[in-house]
Amino acid sequence: LRSSSMSSSTSMSFLKNIYRHPSHLRCSSFPSSSSSSSCSSSFSSGLSKGSAFQQKSAFSTSNILAFSWKRTFGTQTTQQTITKANAAAAATPSSSSSPVKNALLVAHQLAKTRLSALVVSTTCVGYALGSGEVIEYAGMAYAGLGTMLCAASANTLNQVFEVENDARMKRTMRRPLPTGRTTRTAAVAFAAACGAAGFASLYHGGGPTAAWLGVGNIALYAGIYTPLKQVHHSNTWVGAAVGAIPPLMGWAAAQHRRSLRDESESDGGKNDARAVAPSSSLLNLEKLEPASLALATVLFFWQMPHFLALAHTCRDDYMAGGYRMLSHTALDPTGRRTALACLRNCLYLVPCGALCCWLGVTDAPFAAESAALGLGMASAALGFYRQPSTAAARRLFGASLLHLPLTMTLMVTHRIPQGAEASSRMRSGPAPSTDEEREHVRRRLDEALANAPFPFLPPPGAIV
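Here is a short report on the structure shown in this document. (Residues numbered from 1 in each chain as written. Predicted model: local features only at pLDDT ≥ 70, side-chain atom pairs only at ≥ 80, totals over all residues. Heavy atoms only, no water.)

**Section: the overall build of the chain**
Selection criterion: Where helices and strands are cited, they refer to DSSP runs of H or I of at least four residues and of E of at least two residues respectively, numbered from the N terminus. Each residue gets one of three labels from its accessible area relative to the maximum for its type: buried under 20%, exposed over 50%, partly exposed in between, using a 1.4 Å probe on protein chains only. Working rule for contacts: check all heavy atoms of both residues, and any pair within 4.5 Å makes them a contact. Computed with a 1.4 Å probe, the accessible areas rest on the Shrake-Rupley method; for each residue, only the protein chains presented here act as cover.
Counting secondary structure elements, the chain contains 21 helices and zero strands. Residues counted as buried form 48% of the 464 residues belonging to the chain. For the chain, restricting intrachain contacts to residue pairs at least 6 apart in sequence, the fraction spanning at least 24 positions comes to 77%. Accessible surface computed for the chain: about 22300 Å², of which carbon and sulfur atoms make up 61%.

**Details of the layout of surface pockets**
Sizing a probe to match a water molecule and rolling it over the atoms shows the empty space that remains. Short version of the rule: Buriedness of a pocket was judged along seven lines, with at least five required to meet protein on both sides within 12 Å; pockets are open sets of points on a 1 Å grid over the protein atoms alone, cavities are sets where a 1.4 Å probe fits but cannot get out, and lining residues have an atom within 4 Å of a point. Grid points are joined across faces, edges and corners, and a volume is the space filled by probe spheres set on the points. Basically, the charged four are Asp, Glu, Lys and Arg, the nonpolar ten are Ala, Val, Leu, Ile, Met, Phe, Trp, Tyr, Cys and Pro, and anything else, Gly included, counts as polar.
The computed volume of the second largest pocket comes to approximately 1500 Å³. Every residue lining the second largest pocket is counted, 50 residues in all, and those nearest its centre are Lys112, Leu115, Asn155, Tyr221 and Phe307. Sorting elements by how many residues they give to the lining of the second largest pocket places helix α13 (residues 235–266) first, with eight residues. Here the residues of the lining of the second largest pocket are counted per class, giving 25 nonpolar, 17 polar and eight charged.

**Description of the pattern of salt bridges**
What counts, and what does not: Here, a salt bridge means any Lys or Arg side-chain nitrogen found within 4 Å of an Asp or Glu carboxyl oxygen.
Within the structure shown, the criterion is met by five salt bridges. One salt bridge connects Glu136 with Arg261, and the closest N-O pair in it is separated by 2.3 Å. With Glu136 in the loop between α9 (113–129) and α10 (137–161) and Arg261 in helix α13, this residue pair connects regions lying 125 residues apart in the sequence. The class of Glu136 is partly exposed, set by a relative accessible area of 23%. Its relative accessible area of 23% is what places Arg261 among the partly exposed residues. Look at the salt bridges and you will find they share partners, linking Glu136, Arg257 and Arg261 into a network.

**A look at the nonpolar core**
Most often, soluble globular proteins have nonpolar side chains that are buried together. To be explicit about the condition: Within this scheme, the nonpolar core is defined by two criteria: the residues are buried Ala, Val, Leu, Ile, Met, Phe, Trp, Tyr or Cys, and they are joined through side-chain atoms within 4.5 Å.
Tyr127, Leu129, Leu295, Phe384 and Leu396 are the most contacted members of the largest nonpolar core, which has 63 residues in total. Non-local contacts of Leu295, meaning those with residues more than four positions away in its chain, are made with Thr122, Val125, Gly126, Leu129, Pro247, Met408 and Met411. In terms of nonpolar packing, the next biggest core, distinct from the first, is built from seven residues, Ala311, Cys314, Tyr318 and Tyr323 among them.

**Describing the environment of His232**
Applied cut-off: Whenever two N or O atoms come within 3.5 Å, that pair is a polar contact, provided that in protein one can donate a hydrogen and the other can accept it, and provided that, for residues adjacent in sequence, both atoms are side-chain atoms.
Here His232 shows up in the loop between α12 (184–228) and α13. Here the alpha-carbon distance between His232 and Met325, two residues 93 residues apart in the chain, equals 7.1 Å. Of the polar contacts made by the side chain of His232, one reaches the side chain of Ser234; its length is 3.0 Å.

**Topic: the packing of aromatic side chains**
Worth spelling out the cut-off: Any two of the Phe, Tyr and Trp rings considered here, Trp counted by its six-membered ring, make a pair once their centres fall within 6.5 Å; the pair's planes then place it as stacked at under 30 degrees, edge-to-face at over 60, or tilted in between. A positively charged side chain is recorded as over a ring if its NZ (Lys) or CZ (Arg) lies within 6 Å of the ring centre. The angle to the ring normal must also be within 35 degrees.
Within this structure, the stated rule accounts for six aromatic pairs. Taking 5.0 Å as the distance between ring centres and 65° as the angle between the ring planes, the aromatic pair formed by Phe199 and Trp212 counts as edge-to-face. Residue Trp212 is classed as partly exposed on the basis of its relative accessible area, which comes to 35%. Arranged with centres 5.2 Å apart and planes meeting at 35°, the rings of Tyr221 and Tyr225 form a pair that is tilted. Of the two residues, Tyr221 and Tyr225 are both situated in helix α12; the distance of four residues between them amounts to about one turn of the helix. Both residues of the pair, Tyr221 and Tyr225, belong to the buried class. Among the aromatic side chains, those forming a connected cluster through ring pairs are Phe199, Tyr203 and Trp212. Taking the ring centre of Tyr323 as reference, the NZ or CZ of Lys229 above it sits at 4.5 Å. For Arg336, the ring lying beneath its charged end belongs to Tyr385, and the centroid distance is 5.0 Å.

**Things to note about the state of the cysteines**
We count it as follows: Pairs of cysteine sulfur atoms within 2.5 Å are identified as disulfides in what follows.
For the coordinates displayed, the defined rule picks out zero disulfides. With no disulfide partner, Cys150 has as its closest neighbouring cysteine sulfur the one in Cys194, 9.2 Å distant.

**Considerations on the environment of Leu295**
By the secondary structure assignment, Leu295 is in helix α14 (residues 293–313). As a C-alpha pair, Leu295 and Trp251 span 44 residues in sequence and 9.7 Å in three-dimensional space.

Purely geometric numbers; function is a separate question.
Put into structure tokens, the structure is as follows:
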């Protein structure tokens, strides 16, 4: 830009075209033996064809993935990134701390332990909801540990792929890789070790389904969600799917423990439940009961306003990092589109309590309590929609932080024990037939809908 002596308006036009079509950056991002004339021609084409690129994309998905891969593992680009982050490195306490403390701090930051702890809590709640009358806390510990390790692996791989992006953002420029406090090789080794240990913990304590769900979630987060952040704003929906999987892992682990206990009791107690080998070493989603989707659905809809509010609050930082979020000014200059997406998903949360009741996961009072919490969060989203501002987005983000722990606490409080034995004991009689169970669930749903404060659902008599 300096050598071209362009005006400020022309420079801004060029930068906008570069954001929409990063293929123009190839000559500057990946130095080669080509002459400077090729760079000049690409530069000129970016100025002259800016309006045309708004109508039609100039590169395919394969070129996007190749571009992301080259940016991730380009050695010269990495050195430039680390040089730009030296100021942030000087602000870290690594130079005056012991090597062991530095290593633990690096591992803590790579794993994002606070975020991973939140993910672990959803797995443990899923495990509790999928348990029978007695919750086996040993199995919950295995599932929680495996989830923590898998989350640490995914978060580390995410930072490995986004070193340059992190170096350009105020929120992330002090992370270990941008500041040069660790290397990509060491980070990849740490991610591989955490992933292997997480798979082993989940497989041992929760069975093959939970273990393979954990591995699949690592691949989904690091292999699809991470590169998609720089390509399309739909990445938030993919990230919400990633966050909805840990409760399924917890439910699968609890179901595995229940099946082992039932097999042990069928043998007359001759074999301990922990000593029974799983019948299959492969992922079997058919073993997941439909009720396992209850908390997963709540988490999917909850994450949308949570992360969209955060993206709006920090959208200047995300734009500096090169991320294509829905809140980007090129997609949503006023912020109303982002606010509408938040409001829509908050409204989806309102009937989720009735869904949990219908699936037989919770009892009737939870439907009304969950609807009240969802309407409270929707009111914050409505304020954000009426006045799309950073302050309103922060209020919605704070409401989401209050909504999730309250919802999970209420779900565990109102949970209905799972399993045939638990259902039989709860009804104080012989195990009912399938028709009787369906009629019992239908009556419970009718009672929940009669007490629920959302009139837009059909009346109980219309439900078949």
